[in-house]
4 protein chains.
Amino acid sequence: MPVPTLATLLVSCPDRRGIVAALAQLLYGHGANILDSDQHTDTEAGMFFQRLRFDLAELQTDKLTLERAIAEVAERFSMTYRLVYAEVKKRVAIFVSRYDHCLYDLLLRHRSGELSCEIPLVVSNHPDLEPVARDFGVRFVHVPITPETKSAQEQVEIELLVAERIDLVVLARYMQVLGPDLIAAFAGRILNIHHSFLPAFVGGKPYHQAYRRGVKLVGATAHYATANLDEGPILEQDVAHASHRDSVEDLARKGRDLEKVVLARAVRSHLEDRVLVYGNKTVVFE
Amino acid sequence: MPVPTLATLLVSCPDRRGIVAALAQLLYGHGANILDSDQHTDTEAGMFFQRLRFDLAELQTDKLTLERAIAEVAERFSMTYRLVYAEVKKRVAIFVSRYDHCLYDLLLRHRSGELSCEIPLVVSNHPDLEPVARDFGVRFVHVPITPETKSAQEQVEIELLVAERIDLVVLARYMQVLGPDLIAAFAGRILNIHHSFLPAFVGGKPYHQAYRRGVKLVGATAHYATANLDEGPILEQDVAHASHRDSVEDLARKGRDLEKVVLARAVRSHLEDRVLVYGNKTVVFE
Amino acid sequence: MPVPTLATLLVSCPDRRGIVAALAQLLYGHGANILDSDQHTDTEAGMFFQRLRFDLAELQTDKLTLERAIAEVAERFSMTYRLVYAEVKKRVAIFVSRYDHCLYDLLLRHRSGELSCEIPLVVSNHPDLEPVARDFGVRFVHVPITPETKSAQEQVEIELLVAERIDLVVLARYMQVLGPDLIAAFAGRILNIHHSFLPAFVGGKPYHQAYRRGVKLVGATAHYATANLDEGPILEQDVAHASHRDSVEDLARKGRDLEKVVLARAVRSHLEDRVLVYGNKTVVFE
Amino acid sequence: MPVPTLATLLVSCPDRRGIVAALAQLLYGHGANILDSDQHTDTEAGMFFQRLRFDLAELQTDKLTLERAIAEVAERFSMTYRLVYAEVKKRVAIFVSRYDHCLYDLLLRHRSGELSCEIPLVVSNHPDLEPVARDFGVRFVHVPITPETKSAQEQVEIELLVAERIDLVVLARYMQVLGPDLIAAFAGRILNIHHSFLPAFVGGKPYHQAYRRGVKLVGATAHYATANLDEGPILEQDVAHASHRDSVEDLARKGRDLEKVVLARAVRSHLEDRVLVYGNKTVVFE
């Protein structure tokens with residue numbers, strides 16, 4: 001029995017008749033076996049989205065031929081698409097400051113096999129978490145940042161990310177606002193966890209804001225980082241109940257549990273190529 | 001612009017290559033436009049499931065030809081399938097006893113347009129809720145049941161359901177165990193709400209059971225009724241937090257909110273042909 | 001055995017030593033049996049809050065003497081307090097516009113015994129829901145409002161509320177912003193349900209706002225109405241998950257279930273005298 | 001200003017008039033300042049429960065006198081009680097097998113200050129997790145267990161626990177059923193996390209059981225270990241949604257997040273002396 005060679009095709013295009021059939025026929029014709037298929041039409045935006053996961057083990061042509069055929073169909077339907085082979089693992093860099101909970105969470109999930117990726121790099125503006133990275137055998141680079149050095153240091157970071165062939169940057173409670181160059185260099189490939197239910201409590205100290213407003217829920221939001229702080233496309237959100245008994249510290253404690261779970265889910269969705277971004281929104285297939 | 005004529009095709013069959021392509025090609029070839037497609041493979045059971053929703057407005061053949069073509073493909077892949085046209089609304093009968101919360105909830109959701117169906121009939125073993133049915137203009141039939149009359153009265157009920165051309169029976173806190181004839185006559189078309197998180201607290205008085213066990217959550221479960229009480233395939237479940245402060249009455253109060261929401265979701269999933277049953281499990285497409 | 005006569009004492013004051021002992025001793029000394037006691041200290045605000053529920057059945061003095069003793073202790077500790085006898089049911093007016101789900105929900109919960117109050121009045125700026133009020137035997141008053149008549153019509157409403165001796169006004173999806181006179185006349189006694197997770201999506205059409213922002217949760221917030229729209233003290237909040245599949249209508253449908261439950265919980269808390277307001281926050285004892 | 005010296009008094013006794021006043025008066029009379037007080041009456045069981053947290057900084061007598069006074073009141077009301085001084089930190093032993101997620105979670109929460117205790121000991125029937133304990137500077141003792149050696153090895157464990165003056169044993173996915181001696185030696189002081197929503201899926205492999213039953217939620221339950229497996233008093237439960245897409249591995253992955261959070265909450269409640277056990281139930285004050 002042939003060894004499975006999985007691939008994922010992510011497609012978005014203006015909605016039109018025949019897309020589903022064209023892709024299904026194409027894959028079948030080449031001997032690719034569709035294992036999963038999920039699609040969505042945003043009728044208001046007139047956009048079509050699809051995720052196809054298929055097995056190439058019995059491909060009757062070769063990858064190059066398949067890729068060319070997909071490119072042709074894509075052109076016909078004005079598709080934006082991404083074809084990803086499962087054997088190529090994404091390379092992830094984690095940015096942190098001093099909070100260690102999200103870093104530990106991601107490294108432990110990775111070690112237990114929950115996250116299918118490589119994590120070759122941890123970057124931080126503080127030296128504190130180097131021991132954690134070391135325990136997990138991950139390279140740690142300290143890139144201190146001051147208002148004066150920020151722009152130059154982000155160039156250092158971009159070079160690091162490029163040198164390590166990073167596919168995804170995860171801001172795991174990284175307490176710096178990213179500059180436009182870094183955002184641009186990794187557009188759609190930087191995940192951030194914000195410690196509130198966005199769009200409530202944008203900006204700094206959301207748990208303090210939540211405490212002052214007297215809300216009865218605290219939340220966390222995972223989103224792609226964009227040039228506009230806290231306004232990027234949202235992938236995941238969750239909340240936990242709060243009461244008058246909760247101090248700011250209690251809210252932060254409850255929030256940490258949310259941050260870990262919400263960020264991990266978002267990272268997982270991205271790694272499994274289940275996310276499509278359009279405008280300021282996301283399609284997150286299950 | 002042609003008026004949309006929606007149809008849904010629900011398919012289950014042994015997993016094999018080419019199913020997705022065959023169906024996509026078939027529908028496209030007849031001019032049916034696929035709007036939604038969701039599929040699932042249970043690799044352990046070796047089973048494939050798919051739901052296709054499509055628009056027949058620009059059908060290039062006719063329904064009969066399409067149906068024949070589907071039947072052919074179905075035979076080729078040993079498919080069990082169901083083809084449903086959206087313009088034919090399902091007819092629902094609601095069975096109740098004395099509790100009115102699920103009945104009101106379903107009738108109000110129906111009136112507000114949340115449930116795409118007709119509700120021509122309410123059946124009850126008690127006369128109490130006749131005024132509710134009347135307020136909503138629904139026929140109410142009182143079918144009293146005693147241990148002695150049970151079997152005979154269920155024949156009356158079956159006749160009623162047949163006469164009213166009922167497609168789905170919803171047991172909305174109906175406090176009678178259905179007999180084998182009624183179960184058999186509407187196999188896979190009887191939805192029940194059980195007021196616990198099954199398989200915990202099977203049988204009678206689950207809130208009392210939950211209270212005695214000291215659980216910290218109460219639950220509700222919507223499932224298809226089968227010959228084995230409380231063991232039918234589950235569609236929906238949810239829970240709410242409880243504490244030592246909650247009396248049995250409090251648990252029941254919290255539970256009522258769950259029962260309404262869980263049952264309504266299950267009814268909606270069934271009405272929209274998003275549920276496939278296999279063995280004792282369900283696939284519930286979103 | 002004496003018939004229980006329950007009373008609730010709600011207290012807030014600057015935090016100081018001896019408050020708990022003073023009140024416990026006072027009640028015990030008069031023969032009142034404390035059934036429940038819950039307290040909270042906001043150390044940041046330096047405020048103390050307590051709720052005491054007790055049985056007067058074996059009172060050794062009389063209510064007047066007890067009330068005088070409480071007034072004395074209250075003065076000593078600079079307390080704001082409220083003493084409520086359970087046999088006096090609060091009188092509730094429900095304000096609605098055209099949406100009926102919260103109205104039905106409250107009336108049904110009331111009828112089933114979940115809400116310990118009287119509901120003598122429904123007020124609406126539209127005539128549509130009169131039949132619902134009539135079905136439940138509740139007086140319905142249509143008070144149409146235009147920008148020109150608003151101020152005068154709110155005087156009519158205030159007179160109505162006073163004439164009916166209303167203790168609590170519940171805005172059950174009432175689509176009018178209340179004017180300052182009505183707010184002032186019933187300060188701390190007007191509950192509103194806002195169909196978002198405040199402070200996200202303040203103002204009109206929150207489901208549309210949520211849809212545009214692409215959030216993955218929809219929420220509902222019950223709060224006291226104050227002069228600043230959507231900024232009053234929050235009692236209850238909850239959320240439900242949303243996905244890219246949800247249209248504005250789907251968000252609204254999911255939201256209606258939240259609105260009902262969140263509003264009902266808040267009404268219940270208020271009716272049971274479990275809420276204390278300070279600044280823009282609430283203490284909601286369980 | 002005097003340094004706060006906090007103490008907690010946990011009381012349970014047959015319900016009677018005057019208990020609240022007696023304790024409040026007693027503490028006030030000795031100069032102890034009540035910071036928090038929570039109580040509960042189980043009217044069905046006729047039992048009264050109270051938790052009082054107070055500050056001894058301005059105690060007018062001394063601890064010994066206070067303790068004697070409490071003992072006297074306790075005798076008068078037939079109270080079972082526990083007086084705990086906050087400066088004495090509880091000592092916790094964690095039992096593990098091969099799963100590391102709950103162990104890491106507890107050690108990280110402890111390090112971040114969420115759990116007010118000492119963790120001097122990790123015990124395991126496997127050597128695998130020694131490096132984790134070592135990283136956190138905690139003594140690790142490997143106590144291998146076979147059916148033949150079980151009874152003897154549990155004596156070794158009891159001696160270890162006694163030697164380390166352990167107050168609480170946390171079974172953090174420890175895959176051995178405890179014998180009666182160990183249970184008896186630490187009655188009411190052994191917390192277990194079961195990876196299902198008890199009483200559903202008692203016993204081994206609950207995720208497999210859940211998968212086979214086709215439930216739409218997975219759960220976790222923290223309870224005190226008793227002689228009857230999985231039947232001890234429950235402190236905390238929570239659930240997560242599941243769907244037909246979830247394999248056993250997916251259920252286990254979702255479950256691990258629940259296990260960590262539910263166990264941590266239960267440990268925290270126990271450490272803060274917020275739990276009272278009666279019969280097979282718990283009062284968990286907030």
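Structure first, text after, so check above.
Keep in mind that this is a model prediction, so the values were computed, not measured. (Residues numbered from 1 in each chain as written. Chains lettered and ligands numbered in written order. Predicted model: local features only at pLDDT ≥ 70, side-chain atom pairs only at ≥ 80, totals over all residues. Heavy atoms only, no water.)

**Section: the pattern of salt bridges**
- Summed over the entire model, instances satisfying the criterion amount to 96 salt bridges over all chains.
- Among the ionic pairs, R91 of chain B bridges to E118 of chain B, the shortest N-O distance being 2.8 Å. On the criterion of sequence distance, the pair formed by R91 of chain B in strand β5 (residues 91-96) and E118 of chain B in strand β6 (residues 118-124) is long-range, its members being 27 residues apart.
- R91 of chain B sits in the buried class, given a relative accessible area of 12%.
- Its relative accessible area of 35% is what places E118 of chain B among the partly exposed residues.
- Close ionic contact of D128 of chain D with R98 of chain D constitutes a salt bridge, the shortest N to O distance being 3.2 Å. Linking D128 of chain D in the loop between β6 (117-124) and α4 (130-135) with R98 of chain D in the loop between β5 (90-96) and α3 (101-111), this pair joins segments that are 30 residues apart in sequence.
- Overall, the relative accessible area of 38% leaves D128 of chain D in the partly exposed class. (Salt bridge = Lys/Arg side-chain N within 4 Å of Asp/Glu carboxyl O. Helix = DSSP H or I, 4+ residues; strand = E, 2+ residues; numbered from the N terminus. Buried < 20%, exposed > 50% of the residue type's maximum accessible area, 1.4 Å probe, protein only.)

**Structural notes on the pairing of strand β2 (residues 33-42) of chain A**
- Where burial is concerned, most of β2 of chain A is hidden: nine out of the ten residues are buried.
- Taken together, β2 of chain A and the strand that follows it, strand β3 (residues 47-55) of chain A, pair antiparallel across an intervening segment of four residues, in which G46 of chain A is found at a positive phi of about 65°. (Pairing = 2+ DSSP bridges.)

**Comments concerning the sheet that holds strand β9 (residues 190-194) of chain B**
Residue and element names in this part refer to chain B.
- Sheet architecture is open: seven strands sit in the order β7-β6-β5-β8-β9-β10-β11, paired in mixed fashion. Where the open sheet ends on each side, the last strands, each with one partner, are β7 (139-142) and β11 (234-241). Within the sheet, the average angular offset between the axes of one strand and its neighbour, ignoring direction, is 20°.
- Note: β6 against β7, four bridges, orientation parallel. (Axes fitted to C-alpha atoms, helices over the stretch in contact; angles between N-to-C directions.)

**Some details on the relation of the copies chain A and chain C**
- Superposing chain A onto chain C requires a rotation of 180° together with a translation of 0.0 Å along the rotation axis, leaving an RMSD of 0.0 Å. The superposition of one copy onto the other is thereby described by a two-fold rotation axis. Scanning chain A for the C-alpha nearest the rotation axis identifies A200 of chain A, at a separation of 2.3 Å.
- In this assembly the copies share their binding face: 100% of the residues contributing to the interface of chain A also contribute to that of chain C. (Least-squares fit on C-alpha atoms with pLDDT ≥ 70 in both. Contact = heavy atoms within 4.5 Å.)

**Focus on the relation of the copies chain A and chain D**
- Its rotation angle being 180°, the transformation that places chain A on chain D also includes 0.0 Å of axial translation and leaves an RMSD of 0.0 Å.
- Looking at chain A, 100% of its interface residues are interface residues in chain D too, so the copies touch through the same face.

**Some details on the nonpolar core**
- With 204 residues, the main nonpolar core has I94 of chain A, I94 of chain B, I94 of chain C together with I94 of chain D as its most contacted residues.
- Filtering out sequence-adjacent residues up to four positions away, I94 of chain C remains in contact with L103, L106, L107, I119, L121, V122, V123, V170 and A172 of chain C. (Core = buried A, V, L, I, M, F, W, Y, C linked by side-chain atoms within 4.5 Å.)

**Things to note about the interface of chain A and chain C**
- Counting residues at the interface gives 35 residues for chain A and 35 residues for chain C.
- The largest contributions to the chain A side of the interface with chain C come from R213, K216 and H244 of chain A, which together make up 23% of the buried area.
- Inspection of the region where chain A meets chain C yields two salt bridges.
- At the boundary of chain A with chain C, the tally comes to 20 residue pairs in polar contact (both at pLDDT 80 or more). (Buried area = accessible area lost by both parts, 1.4 Å probe. Polar contact = N/O pair within 3.5 Å; in protein donor to acceptor, adjacent residues only side chain to side chain.)

**Considerations on the interface of chain A and chain D**
- Each side of the interface is counted separately: chain A has 21 residues, and chain D has 21 residues.
- Contact between chain A and chain D buries roughly 1,500 Å² in total, counting both sides, with carbon and sulfur atoms accounting for 37%.
- Interface area lost by chain A to chain D is led by Y104, R245 and R253 of chain A, which between them contribute 28%.
- Inspection of the chain A/chain D interface yields eight salt bridges.
- Close ionic contact of D105 of chain A with K260 of chain D constitutes a salt bridge, the shortest N to O distance being 3.9 Å.
- In this assembly, chain A and chain D are joined by six residue pairs in polar contact (both at pLDDT 80 or more).
- Counting only elements with at least two residues in the side of chain A that touches chain D, the list comes to β2, α3 (101-111) and α8 (248-271) of chain A.
- In terms of residue class, the side of chain A that touches chain D is made up of four nonpolar, one polar and 16 charged. (Nonpolar A, V, L, I, M, F, W, Y, C, P; charged D, E, K, R; others polar.)

**Some details on unusual backbone geometry**
- Of note, the bond from L198 of chain B into P199 of chain B is cis; its omega dihedral lies within 30 degrees of zero at 10°.
- One can find P199 of chain B in the loop between β9 and α7 (206-213).
- At R165 of chain C, a position not held by glycine, the phi torsion is positive, near 50°.

**Remarks on the packing of helix α3 (residues 101-111) of chain B against helix α3 (residues 101-111) of chain C**
- Interhelical geometry of α3 of chain B versus α3 of chain C gives an angle of 165° and a closest axis separation of 12 Å. One way to sum up the angle between α3 of chain B and α3 of chain C is to call them roughly antiparallel. As for the relative orientation of α3 of chain B and α3 of chain C, their crossing is right-handed in sense. Of α3 of chain C, the residues touching α3 of chain B (which contributes Y104, L108 and R111 of chain B) are Y104, L108 and R111 of chain C. (Parallel < 35°, antiparallel > 145°, perpendicular 65-115°, else oblique. Left-handed = near helix turned anticlockwise from the far one by under 90°.)

**Some details on helix α7 (residues 206-213) of chain C**
- Judged by how many residues are buried, α7 of chain C sits mostly within the fold: six of eight residues are covered.
- Among the residues making up α7 of chain C, those that are buried are P206, Y207, Q209, A210, Y211 and R213 of chain C.
- The inward-facing, buried residues of α7 of chain C abut β2, β11 (234-241) and β13 (281-284) of chain A together with β9 (190-194), β10 (217-224) and α8 (248-271) of chain C.
- Positive phi shows up at G214 of chain C, right after α7 of chain C, with a value of about 70°.

**A word on the packing of aromatic side chains**
- Inspection of the entire model under this criterion finds 19 aromatic pairs over all chains.
- For the ring pair F136 of chain B and Y104 of chain C, a centre distance of 6.5 Å and an interplane angle of 35° mean the geometry is tilted. Taken together, the positions of F136 of chain B in the loop between α4 (130-135) and β7 and Y104 of chain C in helix α3 put the pair across two chains.
- What makes Y104 of chain C buried here is its relative accessible area of 3%.
- Here F95 of chain D and Y174 of chain D contribute two aromatic rings whose centre-to-centre distance is 5.2 Å and whose plane-to-plane angle is 85°, an arrangement assigned as edge-to-face. Taken as a pair, F95 of chain D in strand β5 and Y174 of chain D in the loop between β8 (168-171) and α6 (180-185) lie far apart in primary sequence, 79 residues in all.
- Its relative accessible area of 6% is what places Y174 of chain D among the buried residues.
- Between K63 of chain B and the ring centre of Y85 of chain B, over which it is positioned, the NZ or CZ distance is 4.1 Å. (Phe/Tyr/Trp six-rings, centres within 6.5 Å; stacked < 30°, edge-to-face > 60°. Lys NZ or Arg CZ within 6 Å of the ring centre and 35° of its normal.)

**Some points on the sheet that holds strand β9 (residues 190-194) of chain D**
Residue and element names in this part refer to chain D.
- Reading across the sheet, the seven strands line up as β7-β6-β5-β8-β9-β10-β11 and stay open at both edges, with mixed pairing between neighbours. Every other strand in the sheet has two partners, leaving β7 (139-142) and β11 (234-241) as the edge strands with one partner each. With direction set aside, neighbouring strand axes in the sheet form an average angle of 20°.
- Bridge count between β6 and β7: four bridges; the pairing is parallel.

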